[in-house]
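Fold and contact review
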Amino acid sequence: MTSTITNVQVANSTCSNYSKDRKVGEGTYAVVYLGKQLSTDRRTAIKEIKTGLFKDGLDMSALREVKYLQEMKHENVIELIDVFSASNSLNLVLEYLPCDLEMLIKEQSIIFKPSDIKSWILMTLRGVHHCHRNFILHRDLKPNNLLISPSGQLKLADFGLARSLGNPGEDLTSNVVTRWYRAPELLFGARHYTEAIDIWAVGIIFAELMLRTPYLPGKDDVDQLDVTFRALGTPTEQNWPNVSSLPLYNSLRVYPPPSRQELRNRFSAATEKALDLIIQMTQLDPNMRCASTEALLHDYFLEMPRATDPSELPQMPSKKKSEKNEPPQKKVKV
Amino acid sequence: MLEGKVDKPLSNNTDGNHNTNMSLDGRVKDMCPICKTDKYLSPNMNFLINPECYHKICESCVDRIFSLGPAPCPYPGCGKILRQNKFKKQVFEDLGIEKEIDIRKRVSAIYNKTQEDFENLQDYNKYLENIEDIVFNLNNGINVEETQAALNKYEQEHKLEILEKNMRESQKNADLGKYREAMALLKQEKLSIQKQMEIEDQEYQAQQKQELLNKLSNSDNNNSEDIIAQANLNMIKRSSLRKRQLQQINSQLDQKYHLDSSGGKKKSSDKSKTPFTPFNGDRDLIKAYKFLPAVAENEPAVSDSKAETYYDPFVNKLALDKQYLGAGWRQQYIFKKALDEAFLGIGCFIEKEKS
């Protein structure tokens, strides 16, 4: 009990250290403000968790976010600067990252060079590697959650679904990861999955960076299975031992696995090594999928156009415009 | 109709751009407006366009209408006279871009100077600006006739220059072609030399064997071992000699063809002097422990785990559950994690971390 009291005191003192300037966005359980750390003048994002909304106290994801971000400090993982509570709300002070990968993918005016894609994937994998070596599953990797700092560094964010790797015998929920990036074992309702689900998501993001459009856009959970296997073949006991024991496995339509030539046509801009890495990361059998360490050691990253330096990666153009011509303030919609 | 869309194999439009939201709009786009043939029903059909008016017509229509000679465009209200040999495949989805590229190609065939033809950058930029003006005018229909006339006039006046420039450019391209040819030739030559050497080797070996047999049959028994040893020694000597020879020949060939191309290659390798570090120097290479599998003898060896497992009745039992295995779970991970976590703090100094 005593410890909680002291915590509150500390929190109150840190509360005055930050200012909330402007509302940037609102989610189901939190409001995000643009703020400033008064002592250092550093720009931050402040995530105010709505309390009282839920009868049973704080939202789970807020707790998860605090729990795991506190533990991790890495160049490619968003930094949790501080946590404080004020007027009945929990506030997470996070690094301010104005851009995300989804915005870049959708911005038609930007052209991705092969080296840019390599750099983003490299940074994503480094972040994922750091999570995995600390036995933390991110469970919600998607371009929208890969934020880009002004210096071009890519950082994993939104640890609202993260959790540590289960203890043996413990069930994990299979209803995680945004649908398009969900690994096949999750689609089959597996409850004892591994880090491989994050690698799958990275593989799909890799493909999306190449195509500039979502790779496996399923309309609903059933359609997701169909889309996934149409693209990568339907798993069988031969290429994925024990798959038929998974809860939701019932032989759907059987699609043949794509030949290498088909994949090559699909990713016409990919080099042989890039294709190789995509194939390794999107293996249907989670046990065949490469781990983050293997992915980082892949020849693709050694191959010639080397990964672009983060500072030279493409950035959102709208920002420059709004700086140049002051008047149009409408650009900031949210 | 809707079902048909879902069933459409992915390979039909593998780039994935269209298959996600193929609406009615897409359907109209994939139909020939002249004969109303649908791309969906006859997937082999192709569209062609003519740079006169850029109207899309399917291949069979082009064959039908224009095979007897020039005819007016069948689009209502167009009526431009088109020729069959001018029809081509559409490269870009956006016809506006297609058109601009065509104009650019045409203009740059006439305005074909490069930077080396100018004394200073300013003049060259002026020249490029001029080209852009012409392209813009032609593309957007501003003073088309005047611009076209100016273009023609320029072409007339500079005919010789243009030709000369073309010659020079083609020479450059030919150089590249020659280089490629040389490389192919080099490869071939290497292969043939290698093959020849192999054949020679084989012959030599056979000959040696024969000689050895002859010697053995002619000599007395106690000498035979010596003779065999001698022969073996000779063989080894010879094979190492051959290897050296092969290397020498290879390097000679390389030198012969690479003399002029090596300069360019060095530059590109200089750029990336700093070695690439996949983990950005942040990787735990040395494990604090060694994994010594110790499965109890009486326990049946569990499924596919050959190594890296300990005796643990609870975990070992889980490893037999197909649901666990199907999801990618392996008991080795559990042991590894437990050990990793146990040793995680070692080598971490709080004082250092804090600062």
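Every chain begins its residue count from 1, and numbering advances along the sequence as written. Each chain takes a letter, starting from A, and each ligand takes a number, starting from 1, following the order in which they are written. Restriction of local features to residues with pLDDT of at least 70 applies here, the model being predicted, together with a cutoff of 80 or more for giving and counting side-chain atom pairs; totals for whole chains, interfaces and linings are based on all residues. Side-chain calculation: all heavy atoms of the structure are included, whereas hydrogens and water are not.

Examining the overall build of chain B
Scanning chain B for helices and strands turns up 13 helices and 5 strands. Classification of the 355 residues of chain B by burial places 24% in the buried group. Long-range contacts, defined here as pairs at least 24 residues apart, represent 49% of the contacts in chain B between residues at least 6 apart. All accessible-area figures derive from a Shrake-Rupley calculation using a 1.4 Å probe, and residue coverage is judged against the displayed protein chains alone. For chain B, the exposed area adds up to about 26,000 Å²; of that, 53% sits on carbon and sulfur atoms. Only DSSP runs of H or I reaching four residues or more are called helices, and only runs of E reaching two or more are called strands; each is numbered from the N terminus. Accessible area is worked out with a 1.4 Å probe on protein chains only. A residue is then buried under 20% of its type maximum, exposed over 50%, and partly exposed in between. Only heavy atoms enter the contact rule, under which two residues are in contact if any of them lie within 4.5 Å.

Notes on the interface of chain B and chain A
Across the boundary between the two partners, chain B contributes 38 residues, which contact 44 residues of chain A. Where chain B abuts chain A, roughly 3,500 Å² becomes buried across the two surfaces, and 55% of that area is made up of carbon and sulfur atoms. By convention, the term buried area covers the 1.4 Å-probe accessible surface removed from two parts as they join, with the contributions of both added. Area buried by chain B at its contact with chain A is led by Phe276(B), Gln323(B) and Lys337(B), which between them contribute 18% of it. The working definition used for a salt bridge is a side-chain nitrogen of Lys or Arg within 4 Å of a carboxyl oxygen of Asp or Glu. Counting every contact that joins chain B to chain A gives 0 salt bridges. Side-chain atoms alone can form a polar contact between residues adjacent in sequence; in general such a contact is a pair of N or O atoms within 3.5 Å, and within protein one must be able to donate a hydrogen while the other accepts it. At the boundary of chain B and chain A, one finds 6 residue pairs in polar contact (both at pLDDT 80 or more). Every element with two or more residues in the side of chain B that touches chain A is listed here: helix H1 (2-7), helix H10 (313-318), helix H11 (322-326) and helix H12 (331-343) of chain B. Amino acids are sorted into nonpolar (Ala, Val, Leu, Ile, Met, Phe, Trp, Tyr, Cys and Pro), charged (Asp, Glu, Lys and Arg) and polar (every other residue, Gly among them). Split into classes, the residues belonging to the side of chain B that touches chain A amount to 14 nonpolar, 13 polar and 11 charged.

Overview of unusual backbone geometry
A positive phi is found at Val177(A), a non-glycine position, where the angle reads about 70 degrees. For Val177(A), the location among the structural elements is in the loop between strand S10 (163-164) and helix H5 (184-187).

Points about the sheet that holds strand S8 (residues 146-148) of chain A
All names here are of chain A. Taking strand neighbours across the sheet as the criterion, the 3 strands line up as S6-S8-S9 in an open arrangement whose pairing is antiparallel. Every other strand in the sheet has two partners, leaving strand S6 (99-100) and strand S9 (154-156) as the edge strands with one partner each. Criterion used throughout: strands pair if DSSP finds at least two bridges between them. Relative to S8, S6 runs antiparallel, the two sharing 2 bridges. Residue pairing in the sheet places Asp100 in a bridge with Leu147 of S8.

Description of the confidence of the model for chain A
Residues and elements named next belong to chain A. Of the residues in chain A, 88% have a pLDDT of 70 or more, and the chain-wide mean is 84. Note on scores: pLDDT gives the predictor's confidence for each residue, bounded by 0 and 100. Within chain A, the element-level pLDDT minimum falls on helix H1 (residues 2-15), averaging 46, and the maximum on helix H6 (residues 196-211), averaging 94. Per-residue pLDDT stays below 50 along residues 1-11; that stretch engages in 2 contacts with residues further than four places along the chain or on separate chains. Long-range and interchain partners of residues 319-334, a stretch whose pLDDT sits below 50, account for 6 contacts in this model, where long-range means more than four residues apart.

Topic: the nonpolar core
Residues and elements named next belong to chain A. We call a set of buried Ala, Val, Leu, Ile, Met, Phe, Trp, Tyr and Cys residues a nonpolar core when their side-chain atoms join them within 4.5 Å. Core analysis: the largest hydrophobic core is formed by 95 residues, its most contacted members being Leu101, Trp120, Phe206, Tyr215 and Phe267. Sorting elements by how many residues they give to this core places H6 first, with 12 residues. Boundaries between domains were set according to an automatic or database domain assignment. Counting residues domain by domain, this core receives three or more from each of domain 1 (18-95) and domain 2 (99-312). The contacts of Tyr215, once residues within four sequence positions are left out, are Ile204, Ala207, Ala231, Leu232, Leu263, Arg266 and Phe267.

As for the packing of aromatic side chains
What characterises a pair of aromatic rings is the spacing of the ring centres plus the angle enclosed by the ring planes. Only Phe, Tyr and Trp rings take part, Trp by its six-membered ring, and two of them pair if their centres are within 6.5 Å. Stacked means planes under 30 degrees apart, edge-to-face means over 60, and tilted covers everything else. If you walk through the whole model with that rule in mind, you get 14 aromatic pairs over all chains. Centre to centre, the rings of Phe118(B) and Tyr124(B) are 5.4 Å apart; their planes meet at 45 degrees, and the pair counts as tilted. In this structure, Phe118(B) and Tyr124(B) share a single accessibility class: buried. Summarising the aromatic geometry, the rings of Phe118(B) and Tyr127(B) are spaced 5.0 Å apart at their centres and angled 50 degrees between planes, so their arrangement reads as tilted. On the basis of relative accessibility, which here comes to 18%, the residue Phe118(B) falls in the buried class. When its relative accessible area of 9% is taken as the criterion, Tyr127(B) is described as buried. What links up through ring pairs into an aromatic cluster is the set Tyr111(B), Phe118(B), Tyr124(B), Tyr127(B) and Tyr154(B). Sitting over a ring, as applied to charges here, requires NZ of Lys or CZ of Arg to be within 6 Å of the ring centre and within 35 degrees of the ring normal. Between the NZ or CZ atom of Lys118(A) and the centre of the ring of Tyr300(A), over which it lies, the distance is 4.7 Å. Seen from the ring of Phe47(B), Lys56(B) lies directly overhead, with NZ or CZ sitting 4.8 Å from the centre.

Quick notes on the pairing of strand S2 (residues 30-37) of chain A
Residue and element names in this part refer to chain A. Of all 8 residues that make up S2, 6 are buried, and the element is covered over most of its length. Here 7 bridges tie strand S1 (residues 18-26) to S2, and the two strands are oriented antiparallel to one another. Among the inter-strand pairings, Arg22 is bridged to a residue of S2, identified as Leu34. Sheet topology places S2 next to strand S3 (residues 42-49); 8 bridges connect them, and they run antiparallel.

Section: the pattern of salt bridges
Residue and element names in this part refer to chain A. Counted by the stated rule, this structure contains 29 salt bridges over all chains. Linking Glu272 and Arg264 is a salt bridge whose minimum nitrogen-to-oxygen distance equals 2.8 Å. Here Glu272 falls in the partly exposed class, since its relative accessible area comes to 39%.

Details of helix H4 (residues 95-110) of chain B
All names here are of chain B. A helix's residues, less one, multiplied by 1.5 Å, set its expected span. Over its 16 residues, H4 extends 23 Å from the first C-alpha to the last, a length consistent with the 22 Å expected when each residue adds 1.5 Å. Glu98, Asp102, Ile103, Val107 and Ile110 are the residues of H4 that are buried. Buried residues along H4 cover an arc of 165 degrees about the axis, so they all sit on one side. Here the buried face of H4 lies against strand S1 (47-49), strand S5 (88-89), helix H5 (121-140), helix H6 (144-157) and helix H7 (159-218). Directions drawn from the helix axis to the C-beta atoms are what define this arc.

Description of the UniProt feature "active site" (unreviewed entry) in chain A
Residue and element names in this part refer to chain A. Within this numbering scheme, the UniProt entry marks Asp140 as carrying the feature "active site" (unreviewed entry). Take Asp140: it is sitting in the loop between strand S7 (136-137) and S8. Those residues in contact with Asp140, other than ones at most four positions away along the chain, are Asn145, Asp158, Leu161, Val177 and Thr178. UniProt positions are given in the numbering used here, feature names are shortened, and annotations may be inferred rather than shown by experiment.

Quick look at the UniProt feature "binding site: ATP" (unreviewed entry) in chain A
Residue and element names in this part refer to chain A. Under the local residue numbering, the UniProt record ascribes the feature "binding site: ATP" (unreviewed entry) to Val24, Gly25, Glu26, Gly27, Thr28, Tyr29, Ala30, Val31, Val32 and Lys47. Within the secondary structure layout, Gly25 lies in strand S1. Here Val31 is to be found in strand S2. Judged by its relative accessible area of 7%, Val31 falls in the buried class. Apart from residues lying up to four places away in sequence, Val31 is in contact with Lys23, Gly25, Glu26, Ile46, Lys47, Glu48 and Lys50.

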